[in-house]
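Chain by chain, the residues:
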Amino acid sequence: MMRRMPTDLHSTVAERLRRVGQRYTEQREALVAALERARKPLSTLEIVQARTGPQSSVYRNLAVLEHVGVVRRVVTEGEFARFELTEELTEHHHHLICSNCGKVEDVTIPTDLESTMDRTVDRLAKRSGFAKVRHRLDLIGTCRSCA
Ligand SMILES: [Zn+2]
Ligand SMILES: [Zn+2]
């Protein structure tokens, strides 16, 4: 899928870390690059396999990057957590999740459908007194290899 990456993803991340007194280490940079390259949510195992450092540092780095809003945890059907760059740094999208193997793919929904959804969501939110509402929509099924 097409992604609008900020002109300099890495300097944005570095700045966010600096604000909380953290350094943009080589391992953290490798981790962000791996997520950018993948263009789909990765499991911690896949992140470690992308040579982003030992597992213990990967966990710690994911926690730090999650805290500064660079990485977000994706809720899947599987037992393993998956991570991706936040929509703020990439673009709004949805996930196709395999209920059997836990595989996750990014999908975008046509713009007109997105606007219809936003209008509906706004109406619902107003009724319940919710503000600044955004949506997440996961499609769950069985992937090609599991079908
Ligand atoms: Zn599957
Ligand atoms: Zn959407």
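The structure contained in this document is the topic of the report that follows. In this text, all values refer to a predicted model and were calculated from it rather than measured experimentally.

About the criteria used
- Residues numbered from 1 in each chain as written.
- Chains lettered and ligands numbered in written order.
- Predicted model: local features only at pLDDT ≥ 70, side-chain atom pairs only at ≥ 80, totals over all residues.
- Helix = DSSP H or I, 4+ residues; strand = E, 2+ residues; numbered from the N terminus.
- Buried ≥ 20, exposed ≤ 12 C-beta atoms within 10 Å, placed from the backbone.
- Contact = placed C-beta atoms within 7 Å.
- Pairing = 2+ DSSP bridges.
- Axes fitted to C-alpha atoms, helices over the stretch in contact; angles between N-to-C directions.
- Parallel < 35°, antiparallel > 145°, perpendicular 65-115°, else oblique.
- Left-handed = near helix turned anticlockwise from the far one by under 90°.
- Nonpolar A, V, L, I, M, F, W, Y, C, P; charged D, E, K, R; others polar.

So, on to the overall build of the protein chain. Secondary structure assignment for the protein chain yields five helices and six strands. Start at the N end of the protein chain and walk to the C end: the helices and strands fall as α-α-β-α-α-β-β-β-β-α-β. The C-alpha extent of the protein chain, read off along each of the three principal axes, is 45 × 40 × 25 Å. Of all 147 residues assigned to the protein chain, the portion counted as buried reaches 18%. Nonlocal contacts in the protein chain, meaning residues at least 24 apart in sequence, comprise 53% of its contacts between residues at least 6 apart.

Taking strand neighbours across the sheet as the criterion, the three strands line up as β1-β3-β2 in an open arrangement whose pairing is antiparallel. Because the sheet does not close on itself, it has two edges, and the strands there are β1 (42-43) and β2 (71-74). The pairing of β1 with strand β3 (residues 82-85) spans two bridges and is classified as antiparallel. Within β3, the position partnered with Leu42 by the bridge is Phe83. Where helix α2 (residues 26-38) meets the sheet, it contacts β1, β2 and β3, and its direction lies at approximately 90° from that of β3. Against the sheet, helix α4 (residues 55-67) contacts β2 and β3, and its axis sits at roughly 105° relative to β2.

What follows is about the sheet that holds strand β6 (residues 138-141). Read across the sheet, three strands follow the order β5-β4-β6 without closing on themselves; strand pairing throughout is mixed. Two strands close off the open sheet at either side, each with one partner strand: β5 (104-107) and β6. Put simply, the sheet's adjacent strands are angled 20° from each other on average, direction ignored. Inspection of the sheet shows strand β4 (residues 94-98) paired to β5 by four bridges, in the antiparallel sense. Bridge pairing in β5 places Leu96 opposite Glu105.

The next subject is the packing of helix α1 (residues 9-19) against α2. Two elements in contact, α1 and α2, have axes whose closest approach is 11 Å; the angle formed by their N-to-C orientations is 135°. The angle between α1 and α2 places the two elements in the oblique class. The hand of the α1/α2 crossing is right-handed. Residues Leu9, His10 and Val13 of α1 lie in contact with α2, whose contacting residues are Glu29, Val32 and Glu36. In terms of residue class, the contact of α1 with α2 is built from three nonpolar, one polar and two charged.

Keep in mind these values describe shape, not function.
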